[in-house]
Amino acid sequence: MAEITEKKPGKVVLRELQDKIAQDVWDAKNRGEKIGWCASNFPQEIPTAMDIKVAYPENMGAAVGAKGGGQRMCEEAEALGYSNDLCSYARINMSYAKYNECAEIQIPRPDFLLCCNNICGCMMKWYENLAVELDIPLLMIDIPHLTEKTCDADRIKYIRAQFDDCIDKLEKITGKKMDLNKLHEVMEVSQRSSRAWLRAISCMGAQPSPFSGFDVFNTMAVATVGRGTKEAAEAFEYLADEYEEAIKNGTSTFKGEEKYRILFEGIACWANLRATYKTLQSRGINLTSTIYGPAFSFLYSNLDELMAAYSYVPNSYCFEKEVQLRVDDAKAKHVDGAIIHINRSCKRWSGNSYELERQLREQAGIPTMTFDGDQSDPMIFSEAQYTTRVEALVEIMEANKQKKAEAAK
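As a starting point, this report considers the structure included with it. Owing to the predicted nature of the structure, the values given are computational and were not obtained by experimental measurement.

1. Quick word on the packing of helix H2 (residues 10–30) against helix H12 (residues 230–249)
- At their nearest, the axes of H2 and H12 sit 9 Å apart, and the two run at 165° to each other. Overall, the two elements H2 and H12 adopt an arrangement that is roughly antiparallel. In the crossing of H2 with H12, the sense of the turn from one axis to the other is left-handed. Along its contact with H2, which presents Gly 10, Lys 11, Val 13, Leu 14 and Leu 17, the element H12 presents Glu 231, Ala 232, Ala 235, Phe 236, Tyr 238, Leu 239 and Glu 242.

Listed below in structure tokens is the structure:
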């Protein structure tokens, strides 16, 4: 990968790769190939192994929100009759599906849809609606919600049957055949990417962290759109090496002194990313723990484990395991407090957040706060509310630090 040898920052390498992957979808469309729109937690091994190009509406929604177009496109969808209670990613995508216009970013029109309901129920209805509006086929993989900490054999068998059925239908739609040898190659590369991505994120455990935790939000897109490619594996390995070197050199992308370390729970407020970051950074608060970024790594060693891996994602996993993941990560990353995003878009995630907050506070022994926001609709977020609650959290974290210092004496 030529870009990596030029010693660019890892985040630049990943951004350029993200742009290249997006252009590959356009190029395939222009060649007359069938391309799709794909849900973020759909098994990417299928289209990657079949050399079928897909675009991700959720990634587009995040980009539109970050670039300032979220409110406009959400309002366009609402004018079409979609409720403002719907996910802002869905509203942005419905607007784009109708008008095929977006000043911030565009993706080519799909010939089919790939959906997986391990994210939320809204995703399923969103894609069903797209299939009707665009008059194209929808291929759905149903991932049963886990009530236990491990995916049992019956669930694996059920998911595998749908996996095989999806491949059969994609072969008929696109004219491309699945090569099982290629699938296993993609699985190996995907493991390489996932391990490197997790290695990079684990560097946040260093004190101080070699990077601002918000860098996770800015570098995670390739983990969704290109995890099964060699270029992605190389880019994430490059990023992890960069962070490990920064630890050795005592450098960090976090500006200023790292006084406090926090866990950030939930999806980033893409439309208010600067405000959420600056409020923390100006008070010496660094984000050193998040489940959202690592959620786009999938670890497995065979096809059965691949099926199970797509059950171990936020919103699909059993609640007790979700809590355990946060508590363990909070301790491993040495956090002083937690900030929980009550995201109006993500009802499934936010519905658990209050109880998750209570258990996190008790089991990890840290103070917590919540704030109201949205992933791409800026109208829900209040900077004044956020700032006030962050300041209150700082007071508690500082008092706790003083108590520990006195106890140590």
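2. Quick notes on the pattern of salt bridges
- Inspection of the entire model under this criterion finds 29 salt bridges.
- For Asp 51, the salt bridge is made with Lys 53, and the minimal N-O distance between the two is 3.4 Å.
- Among the residues examined, Lys 53 registers a relative accessible area of 23% and is labelled partly exposed.
- A salt bridge links Asp 329 to Lys 333, with the shortest nitrogen-to-oxygen separation between them at 3.0 Å.
- On the basis of relative accessible area, Lys 333 is assigned to the buried category, the value being 7%.
- What you see here is one network of salt bridges that share partners, running through Arg 31, Glu 33, Asp 51, Lys 53 and Lys 176.

3. Quick notes on the sheet that holds strand S1 (residues 36–38)
- Strands sit in the order S2-S1-S3-S4 across an open sheet of four strands; the sheet is parallel. Each edge of the open sheet is held by one strand with a lone partner, namely strand S2 (54–55) and strand S4 (138–141).
- Here two bridges tie S1 to S2, and the two strands are oriented parallel to one another. Counted as the bridge partner of Gly 36 is Val 54 from S2.
- In this fold helix H7 (residues 121–134) packs onto S1, strand S3 (112–116) and S4, with an angle of close to 170° to the strand it touches most, S3.

4. Focus on the sheet that holds strand S8 (residues 368–373)
- Reading across from one edge, S6-S5-S7-S8 is the order of the four strands in this open sheet, with parallel pairing throughout. Looking at the sheet topology across the chains shown, the edges are occupied by strand S6 (285–289) and S8. Neighbour-to-neighbour, the strand axes of the sheet open up by a mean angle of 35°, direction not taken into account.
- Note: strand S5 (residues 260–265) against strand S7 (residues 337–343), four bridges, orientation parallel. Opposite Ile 262, over in S7, you have Gly 337 as the bridge partner.
- Packing of helix H17 (residues 383–408) onto the sheet brings it into contact with S5, S6, S7 and S8, and relative to S8 it is tilted by some 170°.

5. Some remarks on the packing of aromatic side chains
- Under the criterion given, the structure shown has 18 aromatic pairs.
- Judged by centre distance (4.0 Å) and plane angle (15°), the rings of Phe 211 and Tyr 243 are stacked. Of this pair, Phe 211 sits in the loop between helix H9 (180–202) and helix H10 (214–219) while Tyr 243 is found in helix H12, placing the two residues 32 residues apart along the sequence.
- Residue classification places Phe 211 among the buried residues on the basis of a relative accessible area of 1%.
- Judged by its relative accessible area of 5%, Tyr 243 falls in the buried class.

Calculation notes
Residues numbered from 1 in each chain as written. Predicted model: local features only at pLDDT ≥ 70, side-chain atom pairs only at ≥ 80, totals over all residues. Heavy atoms only, no water. Axes fitted to C-alpha atoms, helices over the stretch in contact; angles between N-to-C directions. Helix = DSSP H or I, 4+ residues; strand = E, 2+ residues; numbered from the N terminus. Parallel < 35°, antiparallel > 145°, perpendicular 65-115°, else oblique. Left-handed = near helix turned anticlockwise from the far one by under 90°. Contact = heavy atoms within 4.5 Å. Salt bridge = Lys/Arg side-chain N within 4 Å of Asp/Glu carboxyl O. Buried < 20%, exposed > 50% of the residue type's maximum accessible area, 1.4 Å probe, protein only. Pairing = 2+ DSSP bridges. Phe/Tyr/Trp six-rings, centres within 6.5 Å; stacked < 30°, edge-to-face > 60°.

In short, geometric facts, not functional conclusions.
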